[in-house]
Amino acid sequence: MTTKSLTIAGAPRRRKFPWPTFGRAVGLTAVVVTFVAPLAWMLLASFKTNVDIYDSSKMFAFLPTLDNYGTVFGQANYGAYIWNSFFVAFVATVLSLVLAVPAAYSMSRFVMGRSAMVVLLARIIPGVSLLVPWYFVFSQMRLVGSFAVLILSMMFVSLPLILYIMMSYFDSMPEELEEAAQVDGLTPIGAFLRITLPLSMPGVATAGILSFIFAWNNFMFALVLSGASTKTLPVAIFDFVGYASIDWGGLMAAAVIVTLPIMVIALFTQKYIVSGLTAGATKG
Amino acid sequence: MKHRVALKAAALAVGVLTVGALAGCTTSGGEASDVVRVTLANHVWTDLIKEKIPEFEEQTGLTVELTQLGEDQLSDQYNVKLNAGTDEIDVMMYRPLQEGKLFAQNGYLAELDDRIDAASDWDWSDFQAGPAEATTYEDTVVGVPLVTESEVLYYRTDLLEQAGLEVPTTLAELENAAKLVSEANPGVAGFIARTGRSAAVTQFSSYLFSFGGDFSEQGTAAVNSPEAVEAYEYYGGMIHKYGPQNVSTDMNWAEASAIFAQGQAAFYTDASSLYQNLALPENSTVSDKLGYAPFPEGPAGSKPYSIPAWALGLNSGSGNQDNGWKFIEWATSFDTVLATQEAGVPGARTSVWDDPAGTSSFPAALAAAIQANAQNGVGYDRPLVVNVAEAREIVGDPIVVGITGGDVPAAAETAEQKFQAFLDDENQ
């Protein structure tokens, strides 16, 4: 009995090779390697001298140097650019949230389809076509080169983004909650502030993070509208590309510094970002 | 409806408040001012002049407000700002051959003739003829040449010695040397140069001129002339036959010079301004085996381009042109040009080149090559048109066909037709 059961248990059962799992692992590895390789190259190059960067035999084995980071923070004064980028992205995000969240709420609750369409236009018009008129208007107002104009231009991108994420978020929240609050004596605004808004904080976080990332990365508006003292990181990074000389090491060190905060934010808030990007995607 | 109006009013109010609150911290522009707003490209010249600006400020009592950008970003910014009629730029650094004609035609550049006449000590006639012509539009001077460059031959002294070869002085000798060196040294290419369709055009131009061709003749396209086809076949053929294996066809100077700097090629032709990428040990593994020679002779002689890569101009929309001119006058004065040239940036003043101190910082062979080029040089390195970027794409196509071993005469014929249509369109 024992022998038999042992035999059965120990019999070489032909287990099917887990092709789907294997295929998935291979697929995932291929995708990860493809996407991570440039980042890894960037990180390695930021610790190399210009001669070593071009030498393929020194891809992984090289004498690391911190000189490039020294250039970035010393000579190139990146501390100021980091602050500029952070200030512009942060203020633009906060102002956009203050304006767009109540707007999204009204558009969702009072079914203002056409208004929403108008706002969406801002996302459809290519930003570059607005640059010349913007520059003209803002230079007449003597605003070019100020933080104000950078913040306003970033809000142009982030407002519609936040609006649309929040609209779909509010659409998915049951109105009964607010009705119940109003039965208990709250005004419609009070119901929004005390019930709906606290419940929609995950949505606000998602919209805020995405808006911050877009503003942090924006190059085109900052190129034309920033000044010497308000230059942001994506524009400043080009200081390493000169005529007839490119400081690859410095460029890569600066690129690491631009990318790092966004990668950290993305890693820790992945859940919100994915839910934000897919918000409204499953609605029939 | 009520909500919509309220929302709009609220949005407007916040917008106005934000703008109003932050408007106080901006600089003003427009009228004559003690602040000269100067826009410069990322360039070694800019780094040098930045150190000297305090001298200018002390001399004149003016303050310089500097904006510095990469060359492509600078172009983009000019396109937007000058198009909008900005008065927030006084002095602008620009590329006379790439955008000079466009800027002059659109009236972005202020005329300088009267100022030049008034500044006799400063001496406009001291500027080299080719560069001075490139900053003149319809007989009016609109810019002052700043940095010059020409095409030189970079070579590996050790490989030439090994093969027992002399430095090539003709294109035929260059081909022979490239062949012998590449055969004797497996893994080392005989020759490398730019391969990108648009990027290669400027370096190809010296070959074109030296074979006796040109991009156009009296407003008619000439890229399928027998001389031009020969030049295309030579340039493309050199890279096809003696270039690195599986060479990419979108290399600009950065990639091409890196191949040479890593010791993977024997000969390289490119701009003289690139020499520090090859001559400094921190950038190059061949810095101690580097030779320089003037551009080799073709059937029509040695005719490299010799051009002003950069110039300074005054923005015609600026209300502060008098002070802007003071900056240009200072930055292009004999003393300043001598100082920047001593630090390795070739200028456009004849007297500085004649001064021994003016060539002291360059390797002797390079200085000799540059001076030889300046004598034989042609004052442009790309089609002289308004839309240079598009023209370069058209005339650059047969180069790429040659590099990949394709049918060059057919490609030149196609390019000719396209370029003629382009010229007709532009001259309308």
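Residues numbered from 1 in each chain as written. Chains lettered and ligands numbered in written order. Predicted model: local features only at pLDDT ≥ 70, side-chain atom pairs only at ≥ 80, totals over all residues. Heavy atoms only, no water.

1. Notes on the overall build of chain A
Point 1. Scanning chain A for helices and strands turns up 15 helices and two strands.
Point 2. For chain A, whose C-alpha radius of gyration is 26 Å, the value lies well above the compact-globule estimate of 19 Å for 284 residues.
Point 3. Each principal axis of the C-alpha atoms in chain A carries an extent, and together these give about 85 × 70 × 30 Å.
Point 4. For chain A, the proportion of its 284 residues judged to be buried stands at 44%.
Point 5. For chain A, the share of sequence-separated contacts (at least 6 apart) that also reach a separation of at least 24 residues comes to 74%. (Helix = DSSP H or I, 4+ residues; strand = E, 2+ residues; numbered from the N terminus. Rg over C-alpha atoms; globule rule 2.2 N^0.38 Å. Buried < 20%, exposed > 50% of the residue type's maximum accessible area, 1.4 Å probe, protein only. Contact = heavy atoms within 4.5 Å.)

2. Concerning the nonpolar core
Point 1. Counting residues in hydrophobic clusters, the biggest one holds 209 residues, and the most contacted among them are Tyr78(A), Trp45(B), Tyr154(B), Phe191(B), Phe267(B), Leu312(B) and Phe327(B).
Point 2. No other element matches helix H8 (residues 147-171) of chain A, which puts 15 residues into this core. (Core = buried A, V, L, I, M, F, W, Y, C linked by side-chain atoms within 4.5 Å.)

3. Describing the domain arrangement of chain A
Residue and element names in this part refer to chain A.
Point 1. By domain assignment, chain A separates into domain 1 (20-65) and domain 2 (77-277).
Point 2. Where domain 1 abuts domain 2, roughly 740 Å² becomes buried across the two surfaces, and 77% of that area is made up of carbon and sulfur atoms.
Point 3. By the criterion of area lost to domain 2, the three top residues of domain 1 are Met42, Ser46 and Asn50, representing 53% of everything that side buries.
Point 4. Linking domain 1 with domain 2 are zero salt bridges, by the criterion used here.
Point 5. Across the domain 1-domain 2 interface, the total number found is three residue pairs in polar contact (both at pLDDT 80 or more). (Domains from an automatic or database assignment. Buried area = accessible area lost by both parts, 1.4 Å probe. Salt bridge = Lys/Arg side-chain N within 4 Å of Asp/Glu carboxyl O. Polar contact = N/O pair within 3.5 Å; in protein donor to acceptor, adjacent residues only side chain to side chain.)

4. Quick word on the interface of chain B and chain A
Point 1. Counting residues at the interface gives 47 residues for chain B and 40 residues for chain A.
Point 2. Summed over both sides, the interface of chain B with chain A buries roughly 3,700 Å², with 64% coming from carbon and sulfur.
Point 3. Across the contact surface, chain B and chain A share two salt bridges.
Point 4. Note that Asp87(B) is salt-bridged to Arg142(A), the shortest N-O span being 3.1 Å.
Point 5. On the surface where chain B and chain A come into contact, there are 13 residue pairs in polar contact (both at pLDDT 80 or more).
Point 6. Where the side of chain B that touches chain A is concerned, the elements lending two or more residues are helix H1 (2-23), strand S2 (63-69), helix H3 (71-83), helix H11 (253-261) and strand S12 (306-314) of chain B.
Point 7. Per-element accounting of the side of chain B that touches chain A gives the leading share, nine residues, to H1(B).

5. A word on the domain arrangement of chain B
All names here are of chain B.
Point 1. Structurally, chain B comprises domain 1 (35-148 + 307-376) and domain 2 (150-304 + 384-427).
Point 2. On a C-alpha basis, the centres of domain 1 and domain 2 stand 28 Å from each other.
Point 3. Contacts between the two partners involve 16 residues from domain 1, matched on the other side by 18 residues from domain 2.
Point 4. A buried area of about 1,600 Å², summed over both sides, lies between domain 1 and domain 2, and 60% of it is on carbon and sulfur atoms.
Point 5. The largest contributions to the domain 1 side of the interface with domain 2 come from Gln98, Leu366 and Asn373, which together make up 34% of the buried area.
Point 6. Scanning the region where domain 1 abuts domain 2 turns up zero salt bridges.
Point 7. Going through the elements one at a time, helix H4 (96-105) and helix H17 (364-376) are the ones with two or more residues in the side of domain 1 that touches domain 2.
Point 8. Here the side of domain 1 that touches domain 2 is built from residues that sort into nine nonpolar, six polar and one charged. (Nonpolar A, V, L, I, M, F, W, Y, C, P; charged D, E, K, R; others polar.)

6. Looking at the layout of surface pockets
Point 1. By volume, the second largest pocket amounts to about 1,300 Å³.
Point 2. Where the lining of the second largest pocket is concerned, the elements lending two or more residues are helix H4 (67-73), strand S1 (241-242) and strand S2 (245-246) of chain A together with helix H2 (44-60), S2 and helix H12 (275-279) of chain B.
Point 3. In terms of residue class, the lining of the second largest pocket is made up of 15 nonpolar, 18 polar and eight charged. (1 Å grid on protein atoms, 1.4 Å probe; cavity = no way out; pocket = protein on both sides within 12 Å on 5 of 7 lines; lining within 4 Å. Points joined across faces, edges and corners; volume = space filled by probe spheres on them.)

7. Structural notes on helix H11 (residues 201-217) of chain A
All names here are of chain A.
Point 1. A rise of 1.5 Å per residue sets the reference length of H11, with its 17 residues, at 24 Å; its end C-alpha atoms lie 24 Å apart and thus fit the reference within 8%.
Point 2. Among the 17 residues that make up H11, twelve are buried, leaving the element largely enclosed by the rest of the structure.
Point 3. Along H11, the positions that sit buried rather than exposed are Gly203, Val204, Thr206, Ala207, Gly208, Ile209, Leu210, Ser211, Phe212, Ile213, Ala215 and Trp216. (Expected span 1.5 Å × (residues − 1).)

8. What to know about the pairing of strand S3 (residues 91-94) of chain B
Residue and element names in this part refer to chain B.
Point 1. Neither face of S3 is exposed, since Val91 and Met93 on one face and Met92 and Tyr94 on the opposite face are all buried.
Point 2. In terms of strand pairing, strand S1 (residues 35-41) meets S3 through two bridges, oriented parallel. Directly across from Val38, in S3, lies its bridge partner Val91.
Point 3. The sheet contact formed by S3 and S12 spans four bridges and is antiparallel. (Pairing = 2+ DSSP bridges.)

9. A look at the environment of Ser75(B)
Residues and elements named next belong to chain B.
Point 1. You can see Ser75 is positioned in helix H3.
Point 2. Considered as a pair, Ser75 and Thr195 are 120 residues apart in the sequence and their alpha carbons are 23 Å apart.
Point 3. The contact partners of Ser75, leaving out residues within four places of it in the chain, are Arg95 and Glu99.

10. Comments concerning helix H14 (residues 334-342) of chain B
Residues and elements named next belong to chain B.
Point 1. When we look at burial in H14, the residues that qualify are Thr336, Val337, Leu338, Thr340 and Gln341.
Point 2. Buried residues belonging to H14 abut H2, helix H13 (321-331), helix H15 (350-354) and helix H16 (356-359).
Point 3. Directly beyond the C-terminal end of H14, a positive phi value near 110° is found at Gly344.

11. A word on empty space enclosed by the protein
Point 1. Scanning the model with the defined rule gives four cavities of 30 Å³ or more in all.
Point 2. When its volume is computed, the largest cavity comes out at roughly 160 Å³.
Point 3. Taken together, 13 residues form the lining of the largest cavity, with Tyr54(A), Trp248(A), Ser257(B), Asn277(B) and Asn283(B) sitting closest to its centre.
Point 4. Looking at the lining of the largest cavity, the elements with two or more residues in it are helix H3 (50-54) of chain A together with H11 of chain B.
Point 5. No other element matches the five residues that H11(B) contributes to the lining of the largest cavity.
Point 6. Grouping the constituent residues of the lining of the largest cavity by class yields eight nonpolar, five polar and no charged.

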